[in-house]
Amino acid sequence: MNRLATAFILSISLLTAGCSTVPDEYIPATVGSVGEADALDGLKMTISTRQASVKIGEPILFQVRLQNVGLTPLFIPKNPNVIFTWVYADGSRDNFVKDSEYEPLLGETDLTILQPNRFITKDIRVDTYYFDRQGVTEFWATLQAWRSKTPAKPEVWEGRITSNRFGVWVEDGKVASAKPIRY
């Protein structure tokens, strides 16, 4: 009987210990740049903003920087289709798809050349009027470029890269309502 009780207690202990190893949901905690950006075939994308905090309802203006970190020139879209994704302070996720001004198959007039060690920047506005969570919200951007219509050239960049992450403190922007004036 003692062995049976010991085995039962040991089994319960192992089961309980196993449950504690399940990772918690990711909750952002850092304001500012977090981690490194991906680089793919010579192209690297980073995001930043001068806004360490924002009130709900105010926009956040991000600067997206595309840099040629390779040794050869690259052709990239003139108007890159950048998708922003974020994790709210409670761990839930959201995103938006930026309307693209180019088709997935790009023509030569849709491309610009990016020399080695050079970069271009693009400002992207994220509206927060529908945010309903206060705390650090962590953002990142993704760029995806498809095969172009131009003659096959190795310097036309294709693929998908992800930026660094960037945390912004989002706070409740509600203003206390004034008491009505009675006449």
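In case you missed it, the structure is sitting above this.
Rules behind the numbers
- Throughout, residues of each chain are indexed from 1 in the direction in which the sequence is written.
- Only residues with pLDDT of at least 70 are given local features in this predicted model, and only at 80 or more are side-chain atom pairs given and counted; all residues enter the totals for whole chains, interfaces and linings.
- Processing note: side-chain calculations cover all non-hydrogen atoms of the structure and skip hydrogens and water entirely.
- As used in this record, nonpolar core signifies buried Ala, Val, Leu, Ile, Met, Phe, Trp, Tyr and Cys residues forming a set joined through side-chain atoms within 4.5 Å.
- Three exposure classes are used, based on accessible area relative to the maximum for each residue type with a 1.4 Å probe and protein chains only: buried under 20%, partly exposed in between, and exposed over 50%.
- Runs of E in the DSSP output that reach at least two residues are strands. Runs of H or I that reach at least four are helices, and both are numbered from the N terminus.
- Contact definition: two residues touch when any of their heavy atoms are within 4.5 Å.
- Only strands joined by at least two bridges in the DSSP assignment are considered to pair.
- Only one rule defines a salt bridge in this text: a Lys or Arg side-chain nitrogen within 4 Å of an Asp or Glu carboxyl oxygen.
- Aromatic rings from Phe, Tyr and Trp, taking only the six-membered ring of Trp, are treated as a pair when their centres fall within 6.5 Å; an angle between ring planes under 30 degrees marks them as stacked, one over 60 as edge-to-face, and anything in between as tilted.
- Each ring is checked for a lysine NZ or an arginine CZ that lies within 6 Å of its centre and within 35 degrees of its normal; such an atom marks a charge sitting over the ring.

Right, let's talk about the nonpolar core for a bit. Judged by nonpolar contacts, the single largest core of 29 residues is most densely connected at Leu43, Phe62, Phe84 and Phe139. Among the elements of the structure, strand 3 (43-48), strand 5 (60-68), strand 6 (74-77), strand 7 (82-87), strand 10 (119-126), strand 11 (135-145) and strand 13 (165-171) are those that each provide at least two residues to this core. Aside from chain neighbours lying at most four places away, what touches Phe62 is Ile47, Ser48, Thr49, Phe84, Lys122, Asp123, Ile124, Val126, Phe139, Phe166 and Val168.

The subject of this paragraph is unusual backbone geometry. The phi torsion at Asp41 lies on the positive side, around 50 degrees, for a residue other than glycine. Relative to the assigned elements, Asp41 resides in the loop between strand 2 (39-40) and strand 3. Of note in the backbone geometry, Asn117 takes a positive phi value of approximately 65 degrees without being a glycine. Topologically, Asn117 is positioned in the loop between strand 9 (111-114) and strand 10. We classify Asn117 as exposed; its relative accessible area is 59%.

This brings us to the pairing of strand 11. The element strand 11 is largely enclosed, with a buried count of 10 among its 11 residues. Two elements, strand 7 and strand 11, share six bridges in a ladder whose sense is antiparallel. Paired with Phe84 across the bridge in strand 11 is Ala141. Relative to strand 13, strand 11 is paired through five bridges, and the arrangement is antiparallel. Counterpart to Val136 in the pairing with strand 13 is Trp169. Where strand 11 meets strand 12 (residues 159-162), four bridges bridge the pair, whose relative direction is antiparallel. In the sheet register, Thr142 faces strand 12, and the bridge partner there is Thr162.

Inspection of every chain in the model, using the stated rule, returns five salt bridges. In this structure, Asp127 and Arg125 form a salt bridge, with 2.7 Å as the shortest nitrogen-oxygen distance. By relative accessible area, Asp127 is classed as partly exposed at 28%. Linking Asp132 and Arg133 is a salt bridge whose minimum nitrogen-to-oxygen distance equals 2.7 Å.

This brings us to the sheet that holds strand 3. If you trace the four strands from one edge of the open sheet to the other, you get 2-3-5-10, paired in antiparallel fashion. Here the strands that pair on one side only, and so sit at the sheet edges, are strand 2 and strand 10. Both strand 2 and strand 3 contribute to a ladder of two bridges, which runs antiparallel. The residue bridging Ala39 from the neighbouring strand is Lys44, located in strand 3.

A separate point is the packing of aromatic side chains. Using the criterion set out here, one finds nine aromatic pairs in the structure. The structure contains a cluster of three or more aromatic residues connected by ring pairs, namely Phe62, Phe84, Trp86, Tyr88, Tyr129, Tyr130, Phe131, Phe139 and Phe166. Across from the ring centre of Tyr88, 4.2 Å away, lies the NZ or CZ of Arg133, which sits over that ring. Between Arg165 and the ring centre of Trp140, over which it is positioned, the NZ or CZ distance is 3.9 Å.

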